[in-house]
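Results of the structural survey
Chain by chain, the residues:
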Amino acid sequence: MSLLGRDLALDLGAASTRIYVRGKGIVLDEPSAVARDAETGRVLGYGAEAASSADGETCWPISGGLPADAELTRRLVRHFLRKVHRNPFARPRMVMALPEGATPIDRAALCDLAFEVESRGVLLIPHAVAAARGADVPVEDCAGRMVMDIGRDSTRIAVLSRGIVVASGAVPGGGHGMNLSIARLVEREHGLLIDEREAEAAKRTAGTDWKPLGRQVVVRGRDVESGRERAVPLPVQLIYEATRQPVETIVRATVGIVERCPPELAADLGERGAVLVGGGALLRGLCRRLRAALCMPVRRAERPRDSVALGLGHCVADLRLIARLRAAGR
């Protein structure tokens, strides 16, 4: 086993990559970032080191669960696998998530990636199924269930029944769009330029609870007029208001997907509702806002950022589960 490598699950997220190793759980969770020299293109760092680096440019080579830059993604994943196995000759079997609506070319790209990083086999699981299982949603029964994955660059919405995806869709501008909205608000209200990292920190510091409304978070940035760095207090309520437009986009997309479902599944959704996964699900008051707009129950997964990796990990721990999921969908 030390030579072959333990079976593992690879969750390729636009913001973070997670690796689940059989028998150990999630052993790696690092930003899907690559830092490289802007002039020569030489890679300066990967993962957490790249995301915090002030040298060169930071690239995010993964988008929508697929390699946007195949070469950088391959080098990033190989770096992560070596950190996990500490053996350059390890050849693990891998389970990966296949995004809904993926083309045969997208499927081939994931398979090519797996074999280029020396995997001895790869199994692809529908992304929504993995997210649902990681959020403890029973997907093998006939009732309709909805999963909403709010990632960095997009929000993916899917309705599941009998272990298969009945309807799905995606809208651009997940957590990244929310961060840009916060940055624009800070510039408009305070004349302060903040980067996405600071906007993300403010969003997370605000927390997930609806109350208390009067709390504030401190953001630091560069003054537009003087060019000096300064800090300003930002009411949490303003963060809520800044993200109104991205949330309304998600609501419209969700309504369109529900309308494409058979009537009996739409009725199930009104009773059972949706579960939120992904880093964007941690946005303050998001469940409450979606619940009011969609008129259905909405809850956040216990570990929203890890849900896809945990769901893939369930398949790694019991490879027969994949066959059962396929049988349930027939």
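What this report covers is the structure whose coordinates are included nearby. Remember, predicted model here, so these are calculated numbers, not experimental data.

**A look at the packing of aromatic side chains**
- Summed over all chains, the structure comprises zero aromatic pairs.
- The ring of W60 carries R152 above its face, with NZ or CZ at 4.7 Å from the centroid.

**Focus on the side chain of D223**
- Among the secondary structure elements, D223 is positioned in strand β15 (residues 216-223).
- Exposure remark for D223: the relative accessible area of 12% places this residue in the buried category.
- A distance of 3.0 Å separates the side chain of D223 from the backbone nitrogen of S226, its partner in a polar contact.
- The contact partners of D223, leaving out residues within four places of it in the chain, are G191, L192, R228 and R230.

**Regarding the state of the cysteines**
- All chains considered together, the criterion is met by zero disulfides.
- Of all cysteine sulfurs in the structure, the one in C142 sits closest to C261, which takes part in no disulfide; the separation is 14 Å.
- With a relative accessible area of 9%, C261 lands in the buried category.

**Digging into the environment of R260**
- Here R260 is to be found in the loop between α8 (244-259) and α9 (263-272).
- Judged by relative accessible area, R260 falls into the exposed class, the value being 52%.
- C-alpha separation for the pair R260 and G278, spaced 18 residues apart in sequence, amounts to 24 Å.
- Setting aside anything within four residues of it in sequence, one finds R260 in contact with A167 and S168.

**Here's the deal with the pattern of salt bridges**
- Summed over the entire model, instances satisfying the criterion amount to 16 salt bridges.
- A salt bridge links R93 to D7; the nearest nitrogen and oxygen atoms lie 2.8 Å apart. Here R93 is found in strand β9 (residues 93-98), whereas its partner D7 is found in the segment before β1 (8-12), with 86 residues between them in sequence.
- Given a relative accessible area of 6%, D7 falls into the buried group.
- Close ionic contact of E71 with R74 constitutes a salt bridge, the shortest N to O distance being 2.5 Å. Note that E71 and R74 are positioned in helix α2 (residues 70-85) at a spacing of three residues, about one turn of the helix.
- Of the residues examined, E71 reaches a relative accessible area of 40% and is grouped as partly exposed.
- Salt bridges sharing partners connect three or more residues here, namely D11, R18, D29, R303, R305 and D306.

**Remarks on the sheet that holds strand β14 (residues 192-193)**
- What the three strands build is an open sheet, ordered β14-β15-β16; its pairing is antiparallel. Whereas interior strands pair on both sides, the edge strands pair on one side only; in this sheet they are β14 and β16 (229-235).
- Pairing geometry for β15 and β16, over seven bridges, is antiparallel. Paired with R220 across the two strands is A231, which belongs to β16.
- Its contacts with the sheet put helix α5 (residues 175-190) on β14, β15 and β16, and the angle it makes with β16 is roughly 105 degrees.

**Looking at the sheet that holds strand β2 (residues 16-21)**
- One open sheet accounts for five strands, arranged β3-β2-β1-β9-β10; its pairing is mixed. Lying at the two open borders of the sheet, with one neighbouring strand each, are β3 (25-31) and β10 (121-126). Going from strand to strand, the sheet's axes swing by 20 degrees on average, the running direction of each strand aside.
- Looking at chain direction, β1 and β9 are connected through three bridges and run parallel. Across the sheet, L8 pairs through a bridge with M94, a residue of β9.
- Packed onto the sheet, α2 meets β1, β2 and β3 and runs at close to 140 degrees relative to β3.

**Overview of the side chain of S16**
- Along the chain, S16 turns up in strand β2.
- Excluding its chain neighbours within four sequence positions, the residues that come into contact with S16 are D11, D29, E30, P31, S32 and R305.

**Digging into the pairing of β1**
- Counting buried residues along β1, five of its five residues qualify, which places the element largely inside the surrounding structure.
- Where burial is concerned, the two faces of β1 agree: the one with L8, L10 and L12 and the one with A9 and D11 are both buried.
- The sheet contact formed by β1 and β2 spans five bridges and is antiparallel. Looking at the pairing, L12 lines up with T17 of β2.
- Where β1 folds back onto β2 in an antiparallel hairpin, the turn is made up of three residues.

Cut-offs and rules
Residues numbered from 1 in each chain as written. Predicted model: local features only at pLDDT ≥ 70, side-chain atom pairs only at ≥ 80, totals over all residues. Heavy atoms only, no water. Phe/Tyr/Trp six-rings, centres within 6.5 Å; stacked < 30°, edge-to-face > 60°. Lys NZ or Arg CZ within 6 Å of the ring centre and 35° of its normal. Helix = DSSP H or I, 4+ residues; strand = E, 2+ residues; numbered from the N terminus. Buried < 20%, exposed > 50% of the residue type's maximum accessible area, 1.4 Å probe, protein only. Polar contact = N/O pair within 3.5 Å; in protein donor to acceptor, adjacent residues only side chain to side chain. Contact = heavy atoms within 4.5 Å. Disulfide = S-S within 2.5 Å. Salt bridge = Lys/Arg side-chain N within 4 Å of Asp/Glu carboxyl O. Pairing = 2+ DSSP bridges. Axes fitted to C-alpha atoms, helices over the stretch in contact; angles between N-to-C directions.

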